[in-house]
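Examining the three-dimensional arrangement
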Amino acid sequence: MRVYAIALNTFKETIRDRILGVIVVFALLMIVASLWLASISLGQQGRMMKDFGLVAVSFFGLVVAVFVAASLVHKEVDKRTVYIIFSKPVGRVQFIFAKFLGLAATLACVLAGMGVFLFFADWAVSKSPTPLILAATGLIYLELLVIVALTILLSTVSSTILASVLGITLFVAGQLSHHALALTNLGHSAILKGISWIVYVIIPNLNAVDIKPAVVGEGSPDWPLIAAWSGYLLAFSVLALLLASWVFSRKEF
Amino acid sequence: MGGHSSAQPRHSSAQPRRLPGLMRRRLLPILAALICLAAVIAFQISRPATSAGNPRVFVPAPRFYEEFSPSYRTSIADLYWLGAIQYYGEHVNGDHRLDSLPAMLTLVTTLSPHFIEPYLFSSFALIDAHQPLVAYTLLQRGQRANPRNWQLPFQLGFLVYMYGEGKTKDQVAAHWFTVAADLPGRPTFVPRLAADLLAKGGETHAAIIMWAQIYQQGDKIAMQKAAAALNSLLPQAKQARMQAVAALKPIFSPARFNDLIAALFQRYL
């Protein structure tokens, strides 16, 4: 119940944020702008709309996730509202998880809005619906949940700006984590191989659940495998939040 | 009240003195902004129309992006696709130099092998770039990646028929048209084209089978054309013709076979 109250409050607080509104409007404008790109694509309107639309959803979702998550805990500390919260019987773990759930709800609203808008815009352009757009948006949401959890963790040990920068860096690294795996096969040094494995394990493999290429006809999604990787990403998020709670519980106010 | 009334004249008398200062502070920046805006617009408008850019554009090797992120591979392909169209439009009517077009289209089709349009675009754009062989290679790669698409083998046949050289040209073109003719979604003229070219390339037996299939599957017009073609391809001697037609029987339904017999043996009656 206490977790629900903090989560609800976080949701209301973040959804009212003017920056969030600006980002969402900008994202919708970007999706509409892809109509213009479509017009210079030699009859490939549908493909351009889907591809650039999903990139816009992913990019603006990342901006919302990282910048809001990085300031989530700091704001409570700066405003000193954290004293009021901890004067009640609320644990640090509950606090971190509630903050995460509140932002996850906000992010769900933002991505659902953008995904549904893109789905109907594409339907209007392509003359046929592509339900995979909605599935791809859902999986982008899953990727962003991991980034939110990691950014919250980073924000407990660093400043808001540094946490934001590191959050974005982790998203990029998550798209490239297969390189770390490739590094494990290179060279003969056991130490280097070990380090490569550690890097590969630490960086979330966001690529694994990305079905953007399948939306434009490049292959078809392997759903059982995606379901397994989704479980991995959720476990990754919980782990990051537990770590964040542990770090946060060691702080003194 | 008295204070107010005494302050009022002081305020109104101070207004004319403060106004120039206020104008300086508020109007001058606005004026400066307007002048800068006018200068920017005037400069942009007065710029000469841009000539075609450098025909040699840096295009990274496909491997560079393949190694990047699989999630964004198609988005990168789409960006280069838009770039290739702009590049083609810019140079084809200008300096006629399309040096980087093969690399661009190779990059697009490597990053997004199921994207059909660039393969088809390459079949005419690379002719303009005097690179028919690259177009042929790209189309072949596309056909291998998309074996259920009829447009790619059809375009391959067309490319060979139009720009190919050598004695086997018609046979190779006929081969691609035959491949296209067997695929779903192809227009009805494709098998006729294939059959025509097979006969032209000297593959009479293959051409007869192809025309027989057209006769079985086609509409009234296709049947008339197929009957005319079979009439000229089949042996003219009655006995030999009967044997050749009997060999085709498994292709037909009984009704169509009877129609064909009537059409082919009319003059022997």
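Look up a bit, the structure's there.
A short tour of the structure in this document, coming up. Just so it is clear, the structure is predicted and the values come from calculations on it, not from any experiment.

To continue, consider the side chain of A:Thr156. All names here are of chain A. Its place among the elements puts Thr 156 in helix α6 (residues 132-157). At 2.4 Å, the side chain of Thr 156 and the backbone oxygen of Leu 153 are in polar contact. What Thr 156 contacts, discounting residues up to four positions off in sequence, is Ile 96, Ala 244, Val 247, Phe 248 and Lys 251.

Often, the extent of an interface is quoted as the loss of accessible area on bringing the components together. If you look at the interface, chain A gives 24 residues, while chain B gives 20 residues. Interface of chain A and chain B: buried area, both sides summed, is about 1800 Å²; carbon and sulfur atoms make up 57% of it. For chain A, the biggest contributors to the area lost against chain B are A:Leu42, A:Arg47 and A:Glu218; these three give 27% of the whole. The interface formed by chain A and chain B holds one salt bridge in total. Note that A:Arg47 is salt-bridged to B:Asp78, the shortest N-O span being 2.7 Å. Our count for the chain A to chain B interface comes out at 13 residue pairs in polar contact (both at pLDDT 80 or more). For the side of chain A that touches chain B, the secondary-structure elements that each account for two or more residues are α3 (45-78), α7 (160-175), α8 (177-184) and α10 (212-215) of chain A. Residue contributions to the side of chain A that touches chain B peak at six residues, all from α3(A).

Here we come to the pattern of salt bridges. Summed over all chains, the structure comprises seven salt bridges over all chains. For the salt bridge of A:Lys50 with A:Asp122, the shortest nitrogen-to-oxygen distance reads 3.5 Å. A residue pair is termed long-range when its members are at least 10 positions apart, and A:Lys50 in helix α3 and A:Asp122 in helix α5 (residues 92-126) qualify at 72 residues. Here A:Lys50 matches A:Asp122 in class, with each residue buried. If you follow the salt bridges from partner to partner, you end up with B:Arg56, B:Arg97 and B:Asp99 in one network.

Thresholds applied
Residues numbered from 1 in each chain as written. Chains lettered and ligands numbered in written order. Predicted model: local features only at pLDDT ≥ 70, side-chain atom pairs only at ≥ 80, totals over all residues. Heavy atoms only, no water. Helix = DSSP H or I, 4+ residues; strand = E, 2+ residues; numbered from the N terminus. Polar contact = N/O pair within 3.5 Å; in protein donor to acceptor, adjacent residues only side chain to side chain. Contact = heavy atoms within 4.5 Å. Buried area = accessible area lost by both parts, 1.4 Å probe. Salt bridge = Lys/Arg side-chain N within 4 Å of Asp/Glu carboxyl O. Buried < 20%, exposed > 50% of the residue type's maximum accessible area, 1.4 Å probe, protein only.

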